[in-house]
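Coordinate analysis (summary)
Letter by letter, the chains look like this.
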Amino acid sequence: MTIRVVVAEDQSAVRAGLVLILRSAGGIEVVGEAADGEEAVRLARELRPDLVLMDVQMPRLDGVSATREVVAEGLADVLVLTTFDLDEYVFGALRAGAAGFLLKNAEAAELIEAVRTVARGEGLIAPAVTRRLIAEFAAPRPARASVPPETAAAVASLTRREREVLAALGEGLSNAEIAVRLEMAESTAKTHVSRLLGKLELRSRLQAAVLAQELGI
């Protein structure tokens, strides 16, 4: 299946480079380009792409706010681009429900693989960096202090297997890695992750990972 992508980046030269890289890859089609957050949301509504590649620092409507709108309306998955791996903008994007993030200095092959990874439903990009991000995101918060009561109640209702899956997400594991650890088929792991997100009313695997860190699971 072809992955349909909207590229949102305010710097025209950078945007052109991203588009060129993605169009060179098999199975990826760039269906729209946006120079600001408002345009990114508009194109997502009109084109219903599989994924929006979203720069977090853009005019008119920043990437975090645009991500929040795209995710809230269920228009597409969002892969955010940032210059800094521990940028506060990235934290905001994760809270908004971004499926993953990628540094702007990533190699072309990394960009292509990141798009394919998110399109497969594997929201954790570059595990080593993502684990740093999750730890940094969760670290300042005392365990359980910032978790809403309804979320804590939902976590308490999880089965043993669901808690194991949540713990694995907290470590930044992919579906394939969860399958190996828990000795199940990869498709079963994917199903568990989807059900877990629904049960906890979370928008992305990254949010589940952060929650697991916050709760010390």
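Above this text you will find the structure in question.
Structural notes, computed from the coordinates. Just so we're clear, the structure is a prediction, and the values are computed from it rather than from any experiment.

**Section: the nonpolar core**
Here is a general trend for soluble globular proteins: nonpolar side chains tend to be buried in one another's company. Counting residues in each nonpolar core, the largest one holds 26 residues, and the members touching the most others are Ala8, Val52, Met54, Val70, Val78, Val80 and Ala93. Broken down by secondary-structure element, the contributors of at least two residues to this core are strand 1 (3-8), helix 2 (37-47), strand 3 (51-55), helix 3 (63-72), strand 4 (77-82) and helix 4 (88-95). Core analysis: the next-biggest nonpolar cluster, separate from the first, contains 23 residues, Val147, Val155, Ala179 and Ala212 among them.

**Here we look at the pairing of strand 2 (residues 28-34)**
Across six bridges, strand 1 lies against strand 2 in parallel orientation. The residue bridging Ala8 from the neighbouring strand is Ala34, located in strand 2. For the crossover from strand 1 across helix 1 (residues 12-23) to strand 2, the handedness is right-handed.

**Here we look at the packing of helix 1 against helix 5 (residues 108-119)**
Relative orientation and spacing of two packed helices are given, respectively, by the angle between their axes and the distance between those axes. Between helix 1 and helix 5, the shortest axis-to-axis distance is 10 Å and the interhelical angle comes to 70°. On the basis of their axis angle, the class for helix 1 and helix 5 is roughly perpendicular. Residue-level inspection shows Leu18, Ile21 and Leu22 of helix 1 in contact with helix 5, the latter providing Ala108, Leu111, Ile112 and Val115. Looking at the contact of helix 1 with helix 5 residue by residue, the classes come out as seven nonpolar, no polar and no charged.

What counts and what doesn't
- Residues numbered from 1 in each chain as written.
- Predicted model: local features only at pLDDT ≥ 70, side-chain atom pairs only at ≥ 80, totals over all residues.
- Heavy atoms only, no water.
- Core = buried A, V, L, I, M, F, W, Y, C linked by side-chain atoms within 4.5 Å.
- Buried < 20%, exposed > 50% of the residue type's maximum accessible area, 1.4 Å probe, protein only.
- Helix = DSSP H or I, 4+ residues; strand = E, 2+ residues; numbered from the N terminus.
- Pairing = 2+ DSSP bridges.
- Right-handed = clockwise from strand over helix to strand, strands pointing away.
- Axes fitted to C-alpha atoms, helices over the stretch in contact; angles between N-to-C directions.
- Parallel < 35°, antiparallel > 145°, perpendicular 65-115°, else oblique.
- Contact = heavy atoms within 4.5 Å.
- Nonpolar A, V, L, I, M, F, W, Y, C, P; charged D, E, K, R; others polar.

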